[in-house]
Amino acid sequence: MPQLPDLPLDGLFGQVIMDHYRNPRNRAPVASPDIHAHERNPFCGDAVTVDLKLDNDGRVVQVSVQSEGCSILQATASLMSEALLGKTLEQLLQLSGQFRDWMQGRLKSNPPELEPMQALQVVRQHPVRIKCALLPWTALEVGAQGHRQAKKFPLLPL
Ligand code: ZN
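Here goes a summary of the coordinates provided. These numbers come from a predicted model, not from an experiment. Numbering of residues starts from 1 in each chain and follows the order in which that chain's sequence is written. Where local features are concerned, this predicted model is filtered to residues with pLDDT of at least 70; where side-chain atom pairs are given and counted, the filter is 80 or more; whole-chain, interface and lining totals use all residues. Just so you know, side-chain values use all the structure's heavy atoms and leave hydrogens and water out.

**A word on the overall build of the chain**
Stated formally: Numbering of helices and strands starts at the N terminus; helices are DSSP runs of H or I of at least 4 residues and strands are runs of E of at least 2. For the radius of gyration, the atom set is restricted to C-alpha positions; the globular benchmark scales as 2.2 Å times the number of residues to the power 0.38. Each residue is assigned to one of three classes by its accessible area relative to the maximum for its type, calculated with a 1.4 Å probe on protein chains only: buried under 20%, partly exposed between the two thresholds, exposed over 50%. Two residues qualify as a contact provided that any one of their heavy atoms is within 4.5 Å of a heavy atom in the partner residue. Computed by Shrake-Rupley with a 1.4 Å probe, the accessible areas treat only the displayed protein chains as cover when residues are assessed. In this tally Asp and Glu are treated as negative and Lys and Arg as positive; neither His nor the chain ends contributes. Note that the charge is assigned to NZ on lysines, CZ on arginines, CG on aspartates and CD on glutamates.
Looking only at helices and strands, the chain has four helices and three strands in total. Listing the helices and strands of the chain from first to last along the sequence gives α-β-β-β-α-α-α. In terms of overall dimensions, the chain is globule-like: its C-alpha atoms have a radius of gyration of 16 Å, near the 15 Å expected for 158 residues. With the C-alpha coordinates aligned to their principal axes, the bounding extent of the chain is approximately 55 × 35 × 25 Å. Residues counted as buried form 45% of the 158 residues belonging to the chain. Intrachain contacts of the chain at a sequence separation of at least 6 include 60% that bridge at least 24 residues. When the accessible surface of the chain is split by element, carbon and sulfur atoms take 53% of a total near 8,700 Å². If you average the places of the 16 positive and of the 16 negative side-chain charges in the chain, the two averages end up 4 Å apart.

Now the structure itself:
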């Protein structure tokens, strides 16, 4: 496995990243989730699992995000897990697109809901590590898209 360069995690933003890395939020599993997605990045060994429970209005009522891998992946997964409650899948996909645009330099700042994500801005200067920060969002997108497809084309009872 190639050794990734260490990022300078100093200052206030560095402290936020290290705090989420050391004490990841919302890791407890969710029983019978409506959305389940798992993504890996074989390049650096990152892996993340997203489980969400929705209410009858399609809003997120329970969140579980489990990750293993580098500090950036784990911190992003934890930060992301705090931004999902109460959102619809459409809103999640929109936030995800905005985060992706910000990470890749197409947006100057994150939307207000993703304010804590500003802590990750050091990552934007390290293209190799951007993949680590995007992996949890990719899992979220895959899970949300899959759920929408399943709603649109429900399996017919035999
Ligand atoms: Zn990584």
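**Focus: the sheet that holds strand 2 (residues 46-54)**
Put simply, the rule is: Two strands qualify as a pair provided that DSSP identifies no fewer than 2 bridges between them. Lines fitted to C-alpha atoms define the axes, with helix axes restricted to the stretch in contact, and inter-axis angles between N-to-C directions lie between 0 and 180 degrees.
The strand order across the open sheet built from three strands is 1-2-3, with neighbouring strands paired in antiparallel fashion. A strand with exactly one partner marks an edge of an open sheet, and here the two such strands are strand 1 (35-41) and strand 3 (60-68). Adjacent strand axes in the sheet meet at a mean angle of 10 degrees, parallel and antiparallel pairs treated alike. Pairing of strand 2 with strand 3, which is carried by eight bridges, proceeds in the antiparallel orientation.

**Description of the packing of aromatic side chains**
The test is simple: Any two rings among Phe, Tyr and Trp, with Trp reduced to its six-membered ring, count as a pair given centres within 6.5 Å; such a pair is stacked if its planes are under 30 degrees apart, edge-to-face if over 60, and tilted if neither.
With the rule as written, the count across this model stands at two aromatic pairs. Consider the rings of Phe99 and Trp102, whose centres lie 5.8 Å apart with planes at 50 degrees: the pair is tilted. Taken together, the residues Phe99 and Trp102, both in helix 3 (residues 89-103) and three residues apart, mark about one turn of the helix. Here Phe99 matches Trp102 in class, with each residue buried. Seen from their ring centres, Phe99 and Trp137 are 5.0 Å apart, and the 25 degrees between their planes marks the pair as stacked. Residue Phe99 is found in helix 3, and its partner Trp137 is found in helix 4 (residues 127-152); the two are separated by 38 residues along the sequence. Side by side, Phe99 and Trp137 carry an identical accessibility label, which is buried.

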